[in-house]
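The lines below spell out each chain.
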Amino acid sequence: MEDVALSADLDHALRWWTAEAVLEAWAEPVTEALTTAGGLGHRDTVLDLTARAGGLSLRLSQAVGPAGRVMACDGSPAMLSVINSRVSIQGIRNVTTVLGRSADVAVHRASCHAAFCRFGLHHSPHPARLLRTTGDLLIPGGRLCVAGFSTPAANPAFATALGSVMPFIPDRFALEHWLFLGEGPAAVRLLERAGYTSVTCVSVPIHLRVTTAAELLRVLELVLHVPSHEEAARAACVVWRAQALNALAVYEDESGWTVPFEAIVLSGVPAARTPLS
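Computed from a predicted model, the values in this text were never measured in an experiment. (Residues numbered from 1 in each chain as written. Predicted model: local features only at pLDDT ≥ 70, side-chain atom pairs only at ≥ 80, totals over all residues. Heavy atoms only, no water.)

Undergrad: If you had to explain unusual backbone geometry to someone new, which residues and values would you point to?
TA: Positive phi, normally seen in glycine, also occurs at Arg43, with a value near 80°. Assessed through its relative accessible area of 61%, Arg43 is described here as exposed. (Buried < 20%, exposed > 50% of the residue type's maximum accessible area, 1.4 Å probe, protein only.)

Undergrad: How would you sum up the side chain of Asn94? Please name residues and give values.
TA: Here Asn94 shows up in the loop between α4 (77–90) and β3 (95–99). A polar contact is formed between the side chain of Asn94 and the backbone oxygen of Ser61, at a distance of 3.0 Å. Those residues within four positions of Asn94 in sequence are excluded, and the remaining contacts are Ser61, Val64, Gly65, Pro66, Gly68, Arg69 and Val70. (Helix = DSSP H or I, 4+ residues; strand = E, 2+ residues; numbered from the N terminus. Polar contact = N/O pair within 3.5 Å; in protein donor to acceptor, adjacent residues only side chain to side chain. Contact = heavy atoms within 4.5 Å.)

Undergrad: Just give me the short version of α4, but keep the residues and values in it.
TA: The terminal C-alpha atoms of α4 lie 20 Å apart, and with 14 residues this matches the ideal 20 Å at 1.5 Å per residue to within 8%. Among all positions in α4, only Ala78, Met79, Leu80, Val82, Ile83, Arg86 and Val87 are buried. Phi turns positive one or two residues past the end of α4, at Gly91, with a value near 70°. (Expected span 1.5 Å × (residues − 1).)

Undergrad: A description of a nonpolar patch on the surface should follow, citing residues and the corresponding values.
TA: Residues Leu10, Leu14, Trp17 and Ile89 make up a contiguous nonpolar surface patch of about 400 Å² in total accessible area. Per-element tally for the nonpolar patch: the top contributor is helix α1 (residues 2–18), with 3 residues. Among the secondary structure elements, Leu10 is positioned in helix α1. Classification of Leu10 by relative accessible area gives partly exposed; the value is 45%. (Patch = residues over 30% accessible without salt bridge, like charges linked within 9 Å, V, L, I, M, F, W, Y side chains within 5 Å. Areas by Shrake-Rupley, 256 points an atom, 1.4 Å probe, with all protein chains shown as cover. Salt bridge = Lys/Arg side-chain N within 4 Å of Asp/Glu carboxyl O.)

Undergrad: Any chance you could break down the packing of aromatic side chains for me, citing the residues and the numbers?
TA: If you walk through the whole model with that rule in mind, you get 7 aromatic pairs. Between Trp26 and Phe119, the ring centres sit 5.8 Å apart and the planes meet at 25°, which makes this aromatic pair stacked. Of the two residues, Trp26 is situated in helix α2 (residues 20–38) and Phe119 in the loop between β4 (112–118) and α5 (127–134); the sequence distance between them amounts to 93 residues. Arranged with centres 5.2 Å apart and planes meeting at 55°, the rings of Phe158 and Phe261 form a pair that is tilted. With a gap of 103 residues between them, Phe158 in helix α6 (residues 156–159) and Phe261 in strand β8 (residues 256–270) connect regions that are remote in the sequence. As far as the burial class goes, Phe158 and Phe261 line up, both buried. These aromatic residues form a ring-pair network of at least three members: Trp26, Phe119, Phe149, Phe158 and Phe261. Positioned above the aromatic ring of Trp16 is the side chain of Arg52, whose terminal nitrogen or guanidinium carbon lies 5.8 Å from the ring centre. (Phe/Tyr/Trp six-rings, centres within 6.5 Å; stacked < 30°, edge-to-face > 60°. Lys NZ or Arg CZ within 6 Å of the ring centre and 35° of its normal.)

Undergrad: Could you give me a rundown of the pairing of strand β2 (residues 69–74), with the residues and numbers involved?
TA: The buried count for β2 comes to 5 of 6 residues, which makes it a mostly enclosed element. Regarding the hand of the β-α-β motif, the stretch spanning strand β1 (residues 45–49), helix α3 (residues 55–64) and β2 is right-handed. Inspection of the sheet shows β2 paired to β3 by 5 bridges, in the parallel sense. Bridge pairing in β3 places Met71 opposite Thr96. Following the backbone out of β2, through α4 and into the adjacent parallel β3, one traces a crossover that is right-handed. (Right-handed = clockwise from strand over helix to strand, strands pointing away. Pairing = 2+ DSSP bridges.)

Undergrad: Give a description of the pattern of salt bridges that names residues and reports values.
TA: Going through the model one piece at a time under the given rule, you end up with 9 salt bridges. One salt bridge in this structure joins Asp11 and Arg15, with 3.1 Å as the shortest N-O distance. Taken together, the residues span about one helical turn, with Asp11 and Arg15 both in helix α1 at a distance of 4 residues. Given the relative accessible area of 25%, Asp11 is considered partly exposed. One salt-bridge network, held together by shared partners, links Asp11, Arg15, Glu221 and Arg241.

Undergrad: Any chance you could break down the packing of α2 against α3 for me, citing the residues and the numbers?
TA: If you want to describe how two helices pack, look at the angle between their axes and the distance between the axes. Packing of α2 against α3 leaves a shortest axis separation of 10 Å and a crossing angle of 50°. Classed by the angle they form, the pair α2 and α3 counts as oblique. Considering how the two elements wind past one another, α2 and α3 form a crossing that is right-handed. Along the contact surface, α2 presents Glu20, Glu24, Glu28, Thr31, Glu32, Leu34 and Thr35, while α3 presents Gly55, Leu56, Arg59 and Leu60. Of the residues contributing to the contact of α2 with α3, the split by class is 3 nonpolar, 3 polar and 5 charged. (Axes fitted to C-alpha atoms, helices over the stretch in contact; angles between N-to-C directions. Parallel < 35°, antiparallel > 145°, perpendicular 65-115°, else oblique. Left-handed = near helix turned anticlockwise from the far one by under 90°. Nonpolar A, V, L, I, M, F, W, Y, C, P; charged D, E, K, R; others polar.)

Undergrad: Hey, could you go over the nonpolar core for me, with residue numbers and the actual values?
TA: In this structure, Trp26, Val30, Phe149, Phe158 and Phe261 are the most contacted members of the largest nonpolar core, which totals 57 residues. Here this core takes 7 residues from helix α9 (residues 213–224), the largest share from any one element. With sequence-adjacent residues up to four places away left out, Phe149 is seen in contact with Trp26, Phe119, Asn155, Phe158, Leu179, Phe180, Leu181, Gly182, Val223, Phe261, Glu262 and Ala263. Among the nonpolar cores identified, the runner-up in size contains 27 residues, and Met71, Leu121, Val188 and Leu266 belong to it. (Core = buried A, V, L, I, M, F, W, Y, C linked by side-chain atoms within 4.5 Å.)

By themselves, these figures tell us nothing about what the structure is for.
If you want it as C-alpha cells, here you go:
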C-alpha cells in the first residue's frame, strides 16, 4: 500500500508540473493580487503554504529578491522534489522546501513577513488549523494572504463536476467545506474567525482558456486532486469526465474552451500581532 501511495503522489506531482504553464496563465491575475496584498519588499522572508509544484514560490522569489527567502511548504515529498528540481535548473538560490502537512511545518515563530496560500486550503487536511497557526509564524504586522474560489454559482466548472468522483477524492471533507470560501462579508469572517484583523477581500474574475478537452479535464482534476490509481476511482473518472464536458459544453467554441471562474483574495494581520500606531 505504501508503494501505491508513493506512486500516486509522484504521478500527481508530475502531472501538476506538466500542466504548470496552463495553470499559471490561468492563475496569473490571482497571483498578482496575492503579491500586491502581501506588500512584499526585497529581503523579506515569506512562506508559500501548500506550494504544489512551486509556481507561486518562483514568483515570490522574484518579488523578495536575491537577499530574500521563500519557504515552499507542502505535504507531498514528490511535489517538493519537483520544486527542488525547478529551482536547481533555473539557478534560483532563495527558495527552500519544507515538508509539512497543514500547520506542522518546521518554521520558526514570528519569522515571516508574509504567508501565502493560493488555491490550497482544500488540499490541507486541517484548513482551519492552518489559518490559525500560520499567524504564529508571522512577524508583527505580517500578513496572511489566501486565494480561493468564491461561490458555486460563480464557478460552474467545479459546481457541476464534483458529484461522481467526490467519494474517491483524498481529504474530501476539506474539499467540500473549503473549495468555496464565499464572498464579501462571509469570506472576511473566515479570516476573522481564525484570529485575523484588518481583513480585506478582493474579487478576481479569471478565465481558463484551453484548446482541447484533455487540457480542460487535466486542470480540473489537478485542482480538485482527482485520483488516478485506484481502479474504482478510474471508473468514476470516466463518468465524471463525460459529465464535466457535457456540463461545460456551453463554454466551447470553434477554437476550444473559455471557462469562467471567480476567485477571491483575502488578506489579514493576526489580531494579537497588530502593530501599535
